[in-house]
Every structure is written in C-alpha cells, then in structure tokens.
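# Results of the structural survey
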Amino acid sequence: MIKRTFLAVSAFLCVFAAQAQRDEPPLFTFGPKAGLNLSTLVGETRNFSSEYRLGYNAGVFLRFNTGRLYIQPEAFFATKGARLTIDQSVDPNVRSGTYRLSLQTVDVPVLVGLTVIQNNAFNIRVFGGPMGSFNLQGKGVGEFVRDIGSVEAAYRQAVLGYQAGLGVDVGSLTIDARYEGALTPTADWDRVNLGKPRGGLYQLSVGIKIL
C-alpha cells in the first residue's frame, strides 16, 4: 500500500514538474518582425502644423526571458514622415504650402518588459526602454526651404528616444503596439523660424518566434 502510494505521488510530481517546465518560457527567443508606423512631428513645431503619415518597419528581435521579466533588444528598418503645412512664409527662405516629409532610419531599441498575464493560451506583456534612431535618408525639406544650407540640420543623423507599449504572445506569434517618442530633436530648423521638431509615432508590429 505504501509502495503504491509512493509510486502514485512520484508519478503525479513528475507530471506536474513536466507541465511546469513546459509553461516556463525558453531562456531566449529570436525572430523577424514587421509592421506599420503612423508618424508625425511633435514638440517645438513653430509656425507650421504637422499631420500623421503611414510608413512601415521590418527587422529582428531577440528576447531574453527571466521568468516574467525579459529584455528585448531589436534592430529594424523604418520609414517615417509627416504631412507639413506652412500657412504663411515666416522667413525669406521658406515657402508656404503643404509638403510631405519622408525619413528612412535604422532603429535600435532595448526594451525591458514584464509578462502580466501568462497562461497556455496567450501572454500579455508591458514594456518600455530607450532607443537610438539613425538616419539613412531624409527627403522633403528642400521643397519648402529655398536654401537648404540656411538650416542647421534638415534631419539629425542620430536621435535618442524611447518606446513603450503593450504586447500579446499567441503561440509563435508576438504582437506589439507601442508609442515612440524622440528625446532629442529630429531636425533643427531654428534659423528659418520653424523650430526644432521631434518625431513621434505609433507602431504596430507582428513577429514570429523561430527559436
């Protein structure tokens, strides 16, 4: 009787341990991700108004799990921009009108996250962290600034920012909705009375965990 009880309890503990091991996330996961950006210019937008423009992002992520906490560095290519309206000329070098700005960047965020709901069906996460954005190409400023040399920087080569958002994991899919804000100016148009605007965007992305 004692032997049978011992074997039954041992079998139960083995099953429980195996189940608990399956519920624990792997030490790290890796995969591609892609999605959409909705971006504009915010902050010191002097003498003009800015509306959102649609862009996209594509890259990779690497997630290191430590229980419910995780660290997730990423690297991805992104297209950003804004629809700019200058109602009246505020400087001899500035044309009034509506213009489309476009920017291509490589963004490298390092996010710290917490899994707030974790079960077999899905996980829900919150996260945030710093981000470096590196400018590859910018277009549009030359359309409304007659002498591009009159501005300090049409676009900054590097911008420091942050990202924060909410994520859901379903099977091998990882879905993130986040806000990205710039802590340093995206451009310096102070010399033509347009200020030093910063970038801001909403981002939706879907990734696949292949490891």
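Structure's up top.
Rules used throughout
Residues numbered from 1 in each chain as written. Predicted model: local features only at pLDDT ≥ 70, side-chain atom pairs only at ≥ 80, totals over all residues. Heavy atoms only, no water. Core = buried A, V, L, I, M, F, W, Y, C linked by side-chain atoms within 4.5 Å. Buried < 20%, exposed > 50% of the residue type's maximum accessible area, 1.4 Å probe, protein only. Contact = heavy atoms within 4.5 Å. Phe/Tyr/Trp six-rings, centres within 6.5 Å; stacked < 30°, edge-to-face > 60°. Helix = DSSP H or I, 4+ residues; strand = E, 2+ residues; numbered from the N terminus. Lys NZ or Arg CZ within 6 Å of the ring centre and 35° of its normal. Salt bridge = Lys/Arg side-chain N within 4 Å of Asp/Glu carboxyl O. Pairing = 2+ DSSP bridges. Polar contact = N/O pair within 3.5 Å; in protein donor to acceptor, adjacent residues only side chain to side chain.

This next bit is on the nonpolar core. The nonpolar side chains of a soluble globular protein tend to be buried, and buried together. Judged by nonpolar contacts, the single largest core of 18 residues is most densely connected at Leu101, Phe144, Trp189 and Leu194. Excluding residues within four positions of it along the chain, Leu194 makes contact with Glu44, Thr45, Arg46, Asn47, Phe48, Ile86, Val90, Val94, Phe144 and Trp189.

To continue, consider the packing of aromatic side chains. The tally for this structure, following the rule as stated, stands at seven aromatic pairs. When the centroid spacing of 5.4 Å and the interplanar angle of 45 degrees are considered together, the rings of Tyr99 and Phe144 count as tilted. Of this pair, Tyr99 sits in strand 5 (residues 97-118) while Phe144 sits in helix 2 (residues 141-144), and the two are 45 residues apart along the sequence. For the pair Tyr99 and Phe144, a shared accessibility class is recorded, and that class is buried. An aromatic cluster is built from Phe48, Tyr99, Phe144 and Trp189, whose rings are joined through pairwise contacts. We note Lys33 situated over the ring of Phe76; from NZ or CZ to the ring centre the distance is 4.5 Å.

With that settled, the discussion passes to the pattern of salt bridges. Counting across every chain of the model gives ten salt bridges. As a salt-bridge pair, Glu51 and Arg83 come within 3.2 Å of each other at their nearest N and O atoms. Highlighted residues: Glu51 in strand 2 (residues 49-51) and Arg83 in strand 4 (residues 69-86), separated in sequence by 32 residues. In this structure Glu51 comes out as partly exposed when scored by relative accessible area, which is 40%. Under the relative-accessibility criterion, Arg83 is labelled partly exposed at 35%. Between Arg178 and Asp176 there is a salt bridge, with its nearest N and O atoms 2.8 Å apart. No difference in accessibility class separates Arg178 from Asp176, as the two residues are buried. Put simply, Lys33, Arg63, Glu74, Arg125, Asp169, Asp176 and Arg178 are held in one network by salt bridges that share partners.

Alignment of strand 4 against strand 5, held across 16 bridges, turns out to be antiparallel. Bridge pairing in strand 5 links Phe76 to Asp107. Sheet topology note: the strand 5/strand 6 (residues 123-139) ladder contains 14 bridges and is antiparallel. Bridging from a neighbouring strand, Asp107 pairs with Ser133 of strand 6.

Our focus in this paragraph is the side chain of Thr79. Mapping Thr79 onto the fold places it in strand 4. You can call Thr79 buried: its relative accessible area is 14%. Polar contacts involving the side chain of Thr79 include one to the main-chain amide nitrogen of Tyr56, which spans 2.9 Å. Once residues within four sequence positions are removed from consideration, Thr79 is found in contact with Asn37, Gly55, Tyr56, Leu103 and Gln104.

Turning our attention to the environment of Lys209. Within the secondary structure, Lys209 is located in the segment after strand 9 (197-208). Separated by 179 residues in the primary sequence, Lys209 and Phe30 have C-alpha atoms spaced 5.6 Å apart. Those residues in contact with Lys209, other than ones at most four positions away along the chain, are Thr29, Phe30, Phe61, Asp169, Gly171, Ser172, Leu173 and Thr174. In this structure the side chain of Lys209 is engaged in a polar contact, spanning 3.5 Å, whose partner is the backbone oxygen of Gly171.

With respect to the secondary-structure elements, Asp188 resides in the loop between strand 8 (173-182) and strand 9. Within the local environment of Asp188, its side chain forms a polar contact with the side chain of Arg156, the two groups lying 3.4 Å apart. Only 3.2 Å separates the side chain of Asp188 from the backbone nitrogen of Asp190, close enough to count as a polar contact.

Remember that the coordinates give geometry; whether it matters functionally is a separate question.
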